[in-house]
Amino acid sequence: MDFADMLLNRFDEAEMKKNNSALVCFSTLETGKILSRLAIQFIRSKSGKSSVTLLYFIDKQEEIRLSEGMDEYKHKILSDLISTEERDKITLRLFIQSSDDYNADIIRISEEQKSNLILLGIHHNEFNPALIRKYGQLKSDPTHSDIFILEQFEEREAETLKNLNALFNRDIVSTGLFIDNGSTQFRKFFIPILQKSDIQVFTYLYRIAQQENVKIMIWDAIGIIGSEARIQKLYQFITKKSEGRIYLWDNNKKIGCDFIREQDLVIMGVEGWRKLICTPLSWADCIPSTLLIKETTNSIQL
């Protein structure tokens, strides 16, 4: 089945009533909070039986310090995330722990909670465009081994890249990487389409478009919406259901930093992101918080 047809099937009434479970992983509390609110938008089900599990990684000293008051600390974090009304529709869980193996803990808890979406949140200082641009350039040379590539980075950077690739290469659960650039709300969304595989983000676009007071701008850089009938059908279906919240960027106009800085979040596929940051665009360094998505239909390396 074509991927566009698969997405259309996901948007039927039965699919939207399915239970969803997201695992949100982070080591910075503010990043975790804003990402958790985004996750809630993604997994809301018409059946009202969805769940979000938060996995907050702290260092061992902090874990010892919080040991006696851990329950109170958890309650405070959860009470800040959603309203009482939302709590009746979405189950929230929170794990706070140190870790010697982040990947193993993420995989273990995602399996225990039966998560169908894993979201990882990191600060842009840990994973900035310059770092990914360098990684992409090294990766594009087939003579470079993975070991050689990782040796070109500082130890912490190399470990982050290694862990992210390990998670994104698991083709079992949809995975997203949230790069936090200081977002405080999600009202304006920018969706660049630079590769055909980028249409996988339409699942998330559709769910966001069901919310009020949002504006979603799609930049079809490769003209796929107008040139492929199935994609056009998918786009028309989503726009019809969005009540005027989705717009298509006019490719005759130039995108600039002023426009990009007005956006709250960029959402795109991993392949499209790798192409974007390796392209000399004038606004590439102005990108706000970004969510990179890899669906379970294909395996992609960062």
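Residues numbered from 1 in each chain as written. Predicted model: local features only at pLDDT ≥ 70, side-chain atom pairs only at ≥ 80, totals over all residues. Heavy atoms only, no water.

Some details on the sheet that holds strand β6 (residues 188-193)
Operational definition: Following DSSP output, two strands are said to pair if at least two bridges run between them. Secondary structure elements follow DSSP: runs of H or I no shorter than four residues count as helices, runs of E no shorter than two count as strands, and numbering proceeds from the N terminus. Only the stretch in contact is used when a helix axis is fitted, and all axes are lines through C-alpha atoms; the angle between N-to-C directions ranges over 0 to 180 degrees.
With mixed pairing, the ten strands of this open sheet are ordered in space as β3-β2-β1-β4-β5-β10-β9-β6-β7-β8. What marks the edges here is a single partner per strand, and that holds for β3 (90-97) and β8 (246-248). Within this sheet the neighbouring strands show an average axis-to-axis angle of 20°, counted without direction. Two elements, strand β2 (residues 50-57) and β3, share eight bridges in a ladder whose sense is parallel.

Remarks on the packing of aromatic side chains
Applicable threshold: Pairs were defined over the aromatic rings of Phe, Tyr and Trp, the Trp ring being its six-membered one, requiring ring centres within 6.5 Å. Orientation was assigned from the angle between planes: stacked under 30 degrees, edge-to-face over 60, tilted for the rest. Accessibility here uses a 1.4 Å probe with only protein chains present; expressed as a share of the type maximum, an area under 20% marks a residue as buried, one over 50% as exposed, and anything in between as partly exposed. Note on geometry: a ring has a charge over it if NZ (lysine) or CZ (arginine) is within 6 Å of the ring centre and within 35 degrees of the ring normal.
A full pass over the atoms with the stated rule returns twelve aromatic pairs. A centroid spacing of 6.4 Å and a plane angle of 10° characterise the contact between F190 and W219, whose relative ring orientation is stacked. Of the two residues, F190 sits in strand β6 while W219 sits in strand β7 (residues 215-220), which places them 29 residues apart along the sequence. On the accessibility criterion, W219 (13% relative accessible area) is buried. Where W249 meets F259, the ring centres are 4.8 Å apart and the plane angle is 45°; that geometry is what we call tilted. Pair noted here: W249 is in the loop between β8 and α14 (257-261) and F259 is in helix α14, with a separation of ten residues, a long-range link. For F259, a relative accessible area of 18% corresponds to the buried category. Here the aromatic cluster, defined as three or more aromatic residues joined through ring pairs, consists of F190, W219, W249, F259 and W283. Positioned over the ring face of F153 is K134, at 4.7 Å from the centre of the ring.

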